[in-house]
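Here are the chains, one letter per residue:
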Amino acid sequence: MNSPADPLATLPLRDDLRGMSPYGAPQLQVEVALNTNENTHPVPADVVDAIGERVRSVAAQLNRYPDRDFTELRRALANYLGHGLTEQNIWAANGSNEILQQILQAFGGPGRSVLSFVPTYSMYPLLALGTGTEFIAGRREPDFSLGAESAARQVAEHAPAVVFLCSPNNPTGTALDLDVVDAVYEAGEAHSTVVVVDEAYAEFSRSGTPSALTLLEGRPRLVVSRTMSKAFALAGARLGYFAAAAPVADAMRLVRLPYHLSSVTQATALAALEHHESLLATVEEIKTQRDRIVAELAALGLTPATSDSNFVFFACGQDAPTLWQGLLDEGVLVRDVGIPGHLRVTAGTEAETTAFLTAVRACLHRE
Ligand SMILES: *Cc1c(COP(=O)(O)O)cnc(C)c1O
């Protein structure tokens, strides 16, 4: 009360949480919100109906706890992924953020570290903090790329318990070559490092970009994480999952809260998977808009990064907070990820993309 700057300061917080701020992409009410990489297309009507029916069919049994092992959902996720996976290889949780948290709860923790290569997903250090795992910020090249040799050298140097590889990387947008994943796994052999490839945006990859799912065979500590929050247009449902060797999935049972996946979540995800073709129908259109953003920003003299995702990271040739505010004044919310001179924008519908590009032109002319 006596310190309005930090109202939490009077609480007996854990020492390592003092002065921290929560994850906070602004949730502003704007015409065109392109700041959190959601699929901006609404859920199609046939999927809305299917979800409604499935949820209705479990509603009368909501007096009971859900299937703790969500076996039907794991089977459906395995079928969706293919690659010879079965339900024993699959685990799911409330978003891939919870997936990553459970992995750190099981394999990280006090006295252990997680290595990732920055700039990367801003939640990794926060998940490390919450689980008492030391976060090690590995280095990328000045152009934000990451090569196999450098990555492997850093893994050997730090001997982390866990490595997070984000591919395509958020916020930069580019997918990793599989030889990087392979080299990191090899380098971690000596210390039994668990290697997690976060493929939240895999469905948007340019053709010819293979998934790390193809590397699972014979690698007992490789984990490939996915989500329904992006391509599946189901960010509100909170469903993330991973594929790995069966013992890794079994280990999650040690740390998950009992009944962590509600019956409503399971029903929603099952209905969505049954209609995945309908849900994923917007992916090609989003990729078209993404490629359009890359081409038009380059034509305006800005420098967009190659993107395998549904967003574009670009050097804006000026102060990023100034352009961010200018775009917001035009009704377009993008993301300032805190990298000087750069912004990130989600590829939305054709109309949203047009609004963004129009706003960029207006801001550039105003200078
Ligand atoms: C958006 C995103 C996720 C998804 O998180 P959910 O909890 O599944 O919504 C995971 N990883 C990265 C890199 C992301 O950008």
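Residues numbered from 1 in each chain as written. Predicted model: local features only at pLDDT ≥ 70, side-chain atom pairs only at ≥ 80, totals over all residues. Heavy atoms only, no water.

Under an unreviewed UniProt entry, the name given to the chain is Histidinol-phosphate aminotransferase, and the source organism is Kocuria tytonicola. Taken from UniProt, the Pathway (unreviewed entry) comment for the chain reads in full: "Amino-acid biosynthesis; L-histidine biosynthesis; L-histidine from 5-phospho-alpha-D-ribose 1-diphosphate: step 7/9." Heading Subunit (unreviewed entry) of the UniProt record for the chain holds this comment: "Homodimer." (UniProt positions renumbered as here; feature names shortened; annotations may be inferred.)

Turning to the sheet that holds strand β5 (residues 162–166), a few remarks are in order. Spatial strand order, β2-β8-β7-β6-β5-β3-β4: seven strands in an open sheet with mixed pairing. Sheet topology places β2 (90–93) and β4 (134–138) at the edges, where each strand pairs with a single neighbour. Across the sheet, the axes of successive neighbouring strands diverge by a mean angle of 25°, strand direction being ignored. The pairing of strand β3 (residues 113–117) with β5 spans three bridges and is classified as parallel. Across the sheet, the residue bridging to V114 is V162, located in β5. Most of the contacts of helix α4 (residues 123–130) go to β4, to which it runs at about 155°, and overall it touches β3, β4, β5 and β6 (194–198). (Pairing = 2+ DSSP bridges. Helix = DSSP H or I, 4+ residues; strand = E, 2+ residues; numbered from the N terminus. Axes fitted to C-alpha atoms, helices over the stretch in contact; angles between N-to-C directions. Contact = heavy atoms within 4.5 Å.)

Right, let's talk about the site of the ligand for a bit. The environment of the ligand is formed by 13 residues, the closest being S96, Y201, T227, S229 and K230. For the ligand, a nitrogen atom lies 2.7 Å from a polar atom in the side chain of D198. T227 is positioned with one of its side-chain polar atoms (N or O) 2.6 Å from an oxygen atom of the ligand. For the ligand, whose accessible area on its own is 390 Å², the fraction buried by protein is 94%. (Near = heavy atom within 4 Å. Polar contact = N/O pair within 3.5 Å; in protein donor to acceptor, adjacent residues only side chain to side chain. Areas by Shrake-Rupley, 256 points an atom, 1.4 Å probe, with all protein chains shown as cover.)

Before going further, it helps to examine the packing of aromatic side chains. Going through the model one piece at a time under the given rule, you end up with eight aromatic pairs. Centroid distance Y121 to Y124: 5.3 Å. Interplanar angle 85°. Geometry classified as edge-to-face. Per residue, the accessibility class of Y121 equals that of Y124, and both read buried. One aromatic cluster is present, built from ring pairs that chain together Y121, Y124 and F164. A cation over a ring is seen here: R74 above F70, with NZ or CZ 5.7 Å from the ring centre. Above the plane of the ring of F311 lies R344, whose end atom (NZ or CZ) is 5.5 Å from the centre. (Phe/Tyr/Trp six-rings, centres within 6.5 Å; stacked < 30°, edge-to-face > 60°. Buried < 20%, exposed > 50% of the residue type's maximum accessible area, 1.4 Å probe, protein only. Lys NZ or Arg CZ within 6 Å of the ring centre and 35° of its normal.)

A word on the UniProt feature "modified residue: N6-(pyridoxal phosphate)lysine" (unreviewed entry) in the chain. UniProt records the feature "modified residue: N6-(pyridoxal phosphate)lysine" (unreviewed entry) for K230 in the present numbering. Residues within four places of K230 in sequence aside, it is in contact with T36, N37, N39, A200, Y201 and F204.

Here helix α10 (residues 283–299) spans 24 Å end to end across 17 residues, near enough to the 24 Å set by a 1.5 Å rise per residue. Every buried residue belonging to α10 is among V283, I286, K287, Q289, R290, I293 and L297, and all of these are buried. Buried residues along α10 cover an arc of 160° about the axis, so they all sit on one side. Relative to its buried face, α10 has exposed residues pointing more than 90 degrees away, namely E284 and A299. Count one or two residues on from α10 and you reach G301, which has phi positive near 90°. (Expected span 1.5 Å × (residues − 1). Arc of directions from axis to C-beta.)

Splitting the chain by domain gives domain 1 (15–42 + 281–366) and domain 2 (45–277). Facing the 27 residues of domain 1 at the interface are 26 residues of domain 2. Taking both partners together, domain 1 and domain 2 bury about 2,100 Å²; carbon and sulfur atoms supply 61% of that area. Among the ionic pairs, R206 bridges to D308, the shortest N-O distance being 2.7 Å. (Domains from an automatic or database assignment. Buried area = accessible area lost by both parts, 1.4 Å probe. Salt bridge = Lys/Arg side-chain N within 4 Å of Asp/Glu carboxyl O.)

Let's shift gears to the nonpolar core. Formed by 110 residues in total, the largest nonpolar core has its most connected members in V162, L165, F242 and F356. At seven residues, the largest contribution of residues to this core is made by helix α6 (residues 178–188). Both of domain 1 (15–42 + 281–366) and domain 2 (45–277) provide at least three residues apiece to this core. (Core = buried A, V, L, I, M, F, W, Y, C linked by side-chain atoms within 4.5 Å.)

Attention shifts here to the sheet that holds strand β12 (residues 342–346). Strand order in this open sheet of three strands is β9-β10-β12, and the pairing throughout is antiparallel. The open sheet terminates on both sides in strands that have one partner only, identified here as β9 (303–304) and β12. Here two bridges tie β9 to strand β10 (residues 311–315), and the two strands are oriented antiparallel to one another. Counted as the bridge partner of T303 is A315 from β10. Packed onto the sheet, α10 meets β9, β10 and β12 and runs at close to 15° relative to β10.

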